[in-house]
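# Examination of the molecular architecture
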Amino acid sequence: RHQSYTSLTLKMPAADEDYGIPAADQTITNAPSISISPHDGKLSWCTCKLPTVKETFQEDRRLLRAIAFIIILLNLPYVEFLLYPFLLFSTWIHEMCHGIAALFIGGRVEWLNVYPNGSGLAYTLIPVGKFNSAFVAGAGYQGTAVAGGIMLSFRRTIRGPRWGCVLIGLVMLLSCAVWMRNVFGLAVFLPMGVGLALAGWCLPKFWIGELYALVAATTCLNAITSVHVLFGTTEANVGGVTRKSDATTMEDLFLIPYWVWATIWLLLAFVMTMVGIILVVDSPSSGKNQQSSENQELVEFGDTEFDMPP
């Protein structure tokens, strides 16, 4: 039977204002319900509700600071370049999603490049088939949206930001060693991978939380804003070569206009951002008013390029 509790007394050694952890013996009232599974007896720390303005300011100061920082940089002259690394990071996620999708259907990734103008290209070999091509072509924008939403959901946890940055950094270094082939990409993502991993390992919890929230917020933002280029053009210059966009590839496969696919991906990006804000994974003590705490043999391959326009 599911039981709900509306008041809980926590025994903690000290207060932590940066994470919203209350002082010892502080009573939390009006806490959200805790679900106890009759099968495993585990507590669920995942909440799903639309936060009020008061709750947003109390529990999401980290996210609010990240959003304010982004807005300021976007509107001040000569400092917008500070968001450039985050643009490249989102492009890397986009191309990685193409690559992971190819691996998922039994294909392989030949190489993965990111270019100075913010564009990228994943060259994959996949089993011939319309749906295989569509699955990999659509994975870039969809994957970035999903990744941003998931990252955003873990912003309040204590270990999530730390281990998230370490994991992202290690995966980035692995992609450089296995797939990255252009000098620019290696020059950017090798130090970025090392930096993220070291930040996750060494930074104090306040600053790693701030960094993680900023990375998650900019990933969601770029998942939304990067789609707009698909509405105005069917081709883009990627790596000095004019290539079809992912939406145009989908149009060629299913004869559905490219703008329809762009609209679907844009809506998904909005939805996943809202999911990341509303569906929150919380640590037991993360807020003052929060809850306590197959291999496939390939007969024939098709060469496919999936790009991220600038």
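To keep things clear, this report deals only with the structure shown in the data block. Since we're looking at a predicted model, the values are computed, not measured. (Residues numbered from 1 in each chain as written. Predicted model: local features only at pLDDT ≥ 70, side-chain atom pairs only at ≥ 80, totals over all residues. Heavy atoms only, no water.)

### Considering the overall build of the protein
Assigned secondary structure in the protein consists of eleven helices and nine strands. Looking at the protein as a whole, 48% of its 310 residues are labelled buried. Accessible surface computed for the protein: about 15600 Å², of which carbon and sulfur atoms make up 66%. (Helix = DSSP H or I, 4+ residues; strand = E, 2+ residues; numbered from the N terminus. Buried < 20%, exposed > 50% of the residue type's maximum accessible area, 1.4 Å probe, protein only. Areas by Shrake-Rupley, 256 points an atom, 1.4 Å probe, with all protein chains shown as cover.)

### Comments concerning the layout of surface pockets
Vacant regions in the atomic arrangement are exposed by a probe of water-molecule size rolled over the atoms. Quantified by volume, the largest pocket comes out at close to 400 Å³. Taken together, 17 residues line the largest pocket, and the ones lying closest to its centre are Ile-93, Ala-147, Met-151, Leu-167 and Ile-168. Residues belonging to the lining of the largest pocket are distributed by class as follows: 15 nonpolar, two polar and no charged. (1 Å grid on protein atoms, 1.4 Å probe; cavity = no way out; pocket = protein on both sides within 12 Å on 5 of 7 lines; lining within 4 Å. Points joined across faces, edges and corners; volume = space filled by probe spheres on them. Nonpolar A, V, L, I, M, F, W, Y, C, P; charged D, E, K, R; others polar.)

### Section: a nonpolar patch on the surface
On the surface, a nonpolar cluster with roughly 230 Å² of combined accessible area is contributed by Val-146, Ile-150 and Phe-154. On the secondary structure map, Ile-150 appears in helix H5 (residues 139–153). The class for Ile-150 is partly exposed, based on a relative accessible area of 46%. (Patch = residues over 30% accessible without salt bridge, like charges linked within 9 Å, V, L, I, M, F, W, Y side chains within 5 Å. Salt bridge = Lys/Arg side-chain N within 4 Å of Asp/Glu carboxyl O.)

### Describing the nonpolar core
Membership of the largest hydrophobic core comes to 36 residues, with the highest contact counts inside it found for Phe-89, Trp-92, Met-172 and Phe-189. Of all the secondary-structure elements, those providing two or more residues to this core are helix H2 (61–75), helix H3 (84–104), strand E4 (108–114), H5, helix H6 (160–178), helix H7 (183–202) and helix H8 (205–225). Sort the elements by how many residues they give to this core and H8 lands first, with eight residues. Contact partners of Phe-189, with chain neighbours within four places excluded, come to Leu-88, Phe-89, Trp-92, Val-114, Met-172, Leu-173, Cys-176 and Met-180. Core analysis: the next-biggest nonpolar cluster, separate from the first, contains twelve residues, Leu-230, Ala-247, Met-250 and Trp-265 among them. (Core = buried A, V, L, I, M, F, W, Y, C linked by side-chain atoms within 4.5 Å. Contact = heavy atoms within 4.5 Å.)

### Some details on H7
Here H7 is 20 residues long and its end C-alpha atoms lie 28 Å apart, about the 28 Å a rise of 1.5 Å per residue gives. Buried residues of H7: Gly-185, Val-188, Phe-189, Met-192, Gly-193, Leu-196, Ala-197, Ala-199 and Gly-200, and no others. Burial along H7 is one-sided: seen end-on, the buried residues are contained in an arc of 160 degrees. Those residues of H7 that are exposed and aimed more than 90 degrees away from the buried face are Val-183, Ala-187, Trp-201 and Cys-202. Buried residues along H7 sit against H3, E4, H6 and H8. (Expected span 1.5 Å × (residues − 1). Arc of directions from axis to C-beta.)

### A short note on the pattern of salt bridges
Summed over the entire model, instances satisfying the criterion amount to three salt bridges. A salt bridge links Lys-244 to Asp-252, with the nearest nitrogen and oxygen atoms 2.7 Å apart. Take Lys-244: its relative accessible area is 44%, and that puts it in the partly exposed class.

### As for the packing of aromatic side chains
Considering all chains together, one arrives at nine aromatic pairs under this definition. With 5.9 Å between their ring centres and 35 degrees between their planes, Phe-89 and Trp-92 make a pair best called tilted. Of this pair, Phe-89 and Trp-92 both sit in helix H3, three residues apart, which is roughly one turn of the helix. Take Trp-92: its relative accessible area is 5%, and that puts it in the buried class. Both rings, one in Phe-206 and one in Trp-207, keep their centres 5.0 Å apart while their planes meet at 85 degrees; by these two values the pair is edge-to-face. Accessibility expressed as a relative area gives 53% for Trp-207, which makes it exposed. Ring-pair connections join several aromatic residues into one group, and the members of that group are Phe-89, Trp-92 and Phe-189. (Phe/Tyr/Trp six-rings, centres within 6.5 Å; stacked < 30°, edge-to-face > 60°.)

### Structural notes on unusual backbone geometry
Despite not being glycine, Leu-255 shows a phi value in the positive range, around 60 degrees. Looking at where Leu-255 falls in the secondary structure, it is placed in the loop between helix H10 (246–254) and helix H11 (258–278). For Leu-255, a relative accessible area of 75% gives the class exposed.

### Description of the environment of Asn-182
Its place among the elements puts Asn-182 in the loop between H6 and H7. It is 5.9 Å that separates the C-alpha atoms of Asn-182 and Asn-113, two residues lying 69 residues apart in sequence. Other than its neighbours up to four places away in sequence, Asn-182 contacts Asn-113, Val-114 and Tyr-115.

### Structural notes on the pairing of strand E7 (residues 241–244)
Here strand E6 (residues 235–238) runs beside E7; their pairing, made up of four bridges, is antiparallel. Across the sheet, residue Glu-235 finds its bridge partner in E7, namely Lys-244. (Pairing = 2+ DSSP bridges.)

### Digging into the packing of helix H4 (residues 130–137) against H10
Interhelical geometry of H4 versus H10 gives an angle of 160 degrees and a closest axis separation of 10 Å. Considering their axes alone, H4 and H10 lie roughly antiparallel with respect to each other. Along this stretch, H4 crosses H10, giving a crossing that reads as left-handed. Within the contact between the two elements, H4 uses Lys-130, Phe-131, Ser-133, Ala-134 and Ala-137 and H10 uses Asp-246, Thr-249, Met-250, Leu-253 and Phe-254. Its residues assigned to classes, the contact of H4 with H10 comprises six nonpolar, two polar and two charged. (Axes fitted to C-alpha atoms, helices over the stretch in contact; angles between N-to-C directions. Parallel < 35°, antiparallel > 145°, perpendicular 65-115°, else oblique. Left-handed = near helix turned anticlockwise from the far one by under 90°.)

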